[in-house]
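# Commentary on secondary and tertiary structure
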Amino acid sequence: MFNRFKEKLSGFKEALSCKIQEKAGAKGNQVAQPATAVEPPAAEVQGTPQQGTTAAARDISEAPKAQGADKNNSRPKNRLSFLEKAKTLVFEQEVVLEEKDLDEPLWALEMALLESDVALPVAEEIVKEVKSGLLGARKKIGADTGELAEGALKDALLNILSRNHLDFDEYVREKEKPVKILFVGVNGTGKTTSIAKVAKYLMDRGYSVVLAAGDTFRAGAIEQLEVHGSRLGLKVVKHKTGGDPAAVIFDAIEYAKAHNKDVVLADTAGRLHTNINLMDQMKKIVRVTKPDLLIFVDEAIAGNDAVERARLFNESVPIGGSILTKTDADAKGGSAISVAYITGKPVLFLGIGQTYPDLVKFEPQWLVDRLMGEAEA
Ligand SMILES: Nc1nc2c(ncn2[C@@H]2O[C@H](COP(=O)(O)OP(=O)(O)OP(=O)(O)O)[C@@H](O)[C@H]2O)c(=O)[nH]1
Ligand SMILES: [Mg+2]
């Protein structure tokens, strides 16, 4: 999952690593030689620092004397050999990252994010966060420079993804029942499948659920929801194809109230954000049924298109959160990062397959671990 995101990041890591090595070379080129390539000069072996010894070397020579050094400043008993000392110098040297050092690595990062379908304003925000994390960072050369790059990016992503976080379980638990949840989005993105998955998720947590067949537009849509209803043992409130979706959903809510059901999950027809009539119809559904939570469903693989659609749906009917489906189908990861930022509303779940359990509650850490390659799907 998200393999391409990991691949793209390598450019950023390499650029940062190069800068650190370059800087370290400029700062301490007399000591930062490969230890094995150096023959010990006789004077050094005798422990007599020569003129021109670098600052780093002086640090070591001015360090408190090792135990065992006698009062007359003669050679300490456990004095480091030249080779050991050379290695120490290389590994102990530090560089401090300044603004000009970060230009190239951050450019590589921004490109990697854009190529991973992260929307431009979000990529810019991430770059800003990573920059402030790296500026002034003291970096010991010799250690893993990739770690520094990854750590700064991980912190930035977690920070951005956590901004609009909402705990779905807590939301349902605390909301007055029945909780009315409406699913909207463009055609074929996985709305109906996600409704069935969320129904199963809620049933597993002890809630009673009613489904509303609010897609009265597409042929076969009501039957599709009925198949899920019968598999899950759930009541499906429906009218005829061509009926008024707002009326169906209204009836489902009345049914839930009369039968003390906890949650109503309402399906709607897929609609393009450019279709004014269908968008007006959606506004009417919202006006009549007053959902507690409006969930926008789109495909993680749609990348920036999904982000743009989320923005436009949110402008028509304020969404409460999103579900990104088909994350299993080679998604680059960018839309999962961007949708919440652009809409200001949280991603609630990720769809990771076609069966009922293939639904992951969105947790920033879960996503970041996968984006950064620290956990497998
Ligand atoms: N791989 C994968 N496929 C999914 C996922 N979610 C849904 N699908 C598939 O996407 C296809 C469309 O799903 P639907 O639930 O019918 O989509 P919809 O948005 O309701 O479609 P319309 O009602 O036509 O607008 C189906 O074949 C689903 O099995 C997912 O997370 N991963
Ligand atoms: Mg559907």
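For the structure itself, consult the block above.
Residues numbered from 1 in each chain as written. Chains lettered and ligands numbered in written order. Predicted model: local features only at pLDDT ≥ 70, side-chain atom pairs only at ≥ 80, totals over all residues. Heavy atoms only, no water.

## Quick word on the nonpolar core
With 72 residues, the main nonpolar core has Ile126, Val130 and Leu367 as its most contacted residues. Looking at this core element by element, the count peaks at 8 residues for helix H7 (residues 145-162). Membership of the second largest hydrophobic core comes to 31 residues, among which are Ile181, Leu234, Val263 and Ile323. (Core = buried A, V, L, I, M, F, W, Y, C linked by side-chain atoms within 4.5 Å. Buried < 20%, exposed > 50% of the residue type's maximum accessible area, 1.4 Å probe, protein only. Helix = DSSP H or I, 4+ residues; strand = E, 2+ residues; numbered from the N terminus.)

## So, helix H12 (residues 276-289)
Taking 1.5 Å of rise per residue, the 14 residues of H12 would be expected to cover 20 Å, and the 20 Å separating its terminal C-alpha atoms lies within 8% of that figure. Packing partners of the buried residues in H12 comprise strand E3 (179-184), helix H11 (245-258) and helix H13 (304-316). Of the residues flanking the end of H12, it is Lys290, one or two places downstream, whose phi is positive at about 45°. (Expected span 1.5 Å × (residues − 1). Contact = heavy atoms within 4.5 Å.)

## Considering the site of ligand 1
Neighbouring residues of ligand 1: 19 residues in total, closest Lys191, Thr192, Thr193, Asp328 and Gln354. Between ligand 1 and Thr189 there is a distance of 3.1 Å, counted from an oxygen atom to a backbone nitrogen or oxygen. The backbone of Lys326 places a nitrogen or oxygen atom 2.9 Å from an oxygen atom of ligand 1. Across the complex, the protein chains shield 82% of the 650 Å² of accessible surface that ligand 1 would expose by itself. In terms of residue count, the dominant contributor to the shell around ligand 1 is helix H9 (residues 191-204) (4 residues). (Near = heavy atom within 4 Å. Polar contact = N/O pair within 3.5 Å; in protein donor to acceptor, adjacent residues only side chain to side chain. Areas by Shrake-Rupley, 256 points an atom, 1.4 Å probe, with all protein chains shown as cover.)

## Quick word on the pairing of strand E8 (residues 321-325)
In terms of residue burial, E8 counts as a mostly covered element, since 5 of its 5 residues are buried. Every second residue of E8 is oriented toward a common face, with Gly321, Ile323 and Thr325 on one face and Ser322 and Leu324 on the other, all of them buried. Handedness of the crossover is the feature at issue here: the chain leaves strand E7 (residues 293-299), passes through H13, returns alongside E8, and the resulting connection is right-handed. Bridge count for E8 against strand E9 (residues 347-351) is 3 bridges, and the pairing is parallel. (Right-handed = clockwise from strand over helix to strand, strands pointing away. Pairing = 2+ DSSP bridges.)

## Looking at unusual backbone geometry
Following Lys177, the chain continues to Pro178 via a peptide bond in cis, the omega torsion being -5°. Of note in the backbone geometry, Asp117 takes a positive phi value of approximately 75° without being a glycine. Among the secondary structure elements, Asp117 is positioned in the loop between helix H5 (99-115) and helix H6 (120-134). For Asp117, a relative accessible area of 17% corresponds to the buried category. Of note in this structure, Lys326 is not a glycine but carries a positive phi near 60°. Positionally, Lys326 belongs in the loop between E8 and helix H14 (334-343).

## Digging into the packing of H9 against helix H10 (residues 221-232)
Axis separation between H9 and H10 bottoms out at 10 Å; the angle between their running directions is 20°. On the basis of the axis angle, H9 is roughly parallel to H10. Taken as a pair, H9 and H10 cross one another with a handedness that is right-handed. Between H9, through Thr192, Thr193, Ile195, Ala196, Ala199, Lys200 and Met203, and H10, the contact on the second element is made entirely by Gln224, Leu225, His228 and Leu232. Counted by class, the contact of H9 with H10 contains 6 nonpolar, 4 polar and 1 charged residues. (Axes fitted to C-alpha atoms, helices over the stretch in contact; angles between N-to-C directions. Parallel < 35°, antiparallel > 145°, perpendicular 65-115°, else oblique. Left-handed = near helix turned anticlockwise from the far one by under 90°. Nonpolar A, V, L, I, M, F, W, Y, C, P; charged D, E, K, R; others polar.)

## Here's the deal with H5
With 17 residues, H5 extends 24 Å from end C-alpha to end C-alpha; this agrees with the ideal 24 Å at 1.5 Å per step. The largest bend along H5 measures about 30° and falls at Pro105. Residues Asp101, Leu102, Pro105, Leu106, Ala108, Leu109, Glu110, Ala112 and Leu113 constitute the buried set of H5. Once H5 finishes, Asp117 follows within two positions and takes phi at roughly 75°, a positive value. (Bend = angle between axes of the 7 residues up to and from the residue.)

## Quick notes on the pattern of salt bridges
Overall, the coordinates contain 22 salt bridges when judged by the stated rule. Arg205 is the salt-bridge partner of Asp169, the closest N and O atoms lying 3.5 Å from each other. With Asp169 in helix H8 (residues 168-174) and Arg205 in the loop between H9 and strand E4 (209-212), this residue pair connects regions lying 36 residues apart in the sequence. For Arg205, a relative accessible area of 42% translates into the label partly exposed. For the salt bridge of Glu226 with Lys238, the shortest nitrogen-to-oxygen distance reads 2.8 Å. Pair noted here: Glu226 is in helix H10 and Lys238 is in the loop between strand E5 (235-237) and H11, with a separation of 12 residues, a long-range link. The exposure class of Glu226 is partly exposed, given its relative accessible area of 28%. One connected set of salt bridges, linked through shared partners, spans Glu125, Lys128, Glu129 and Arg163. (Salt bridge = Lys/Arg side-chain N within 4 Å of Asp/Glu carboxyl O.)

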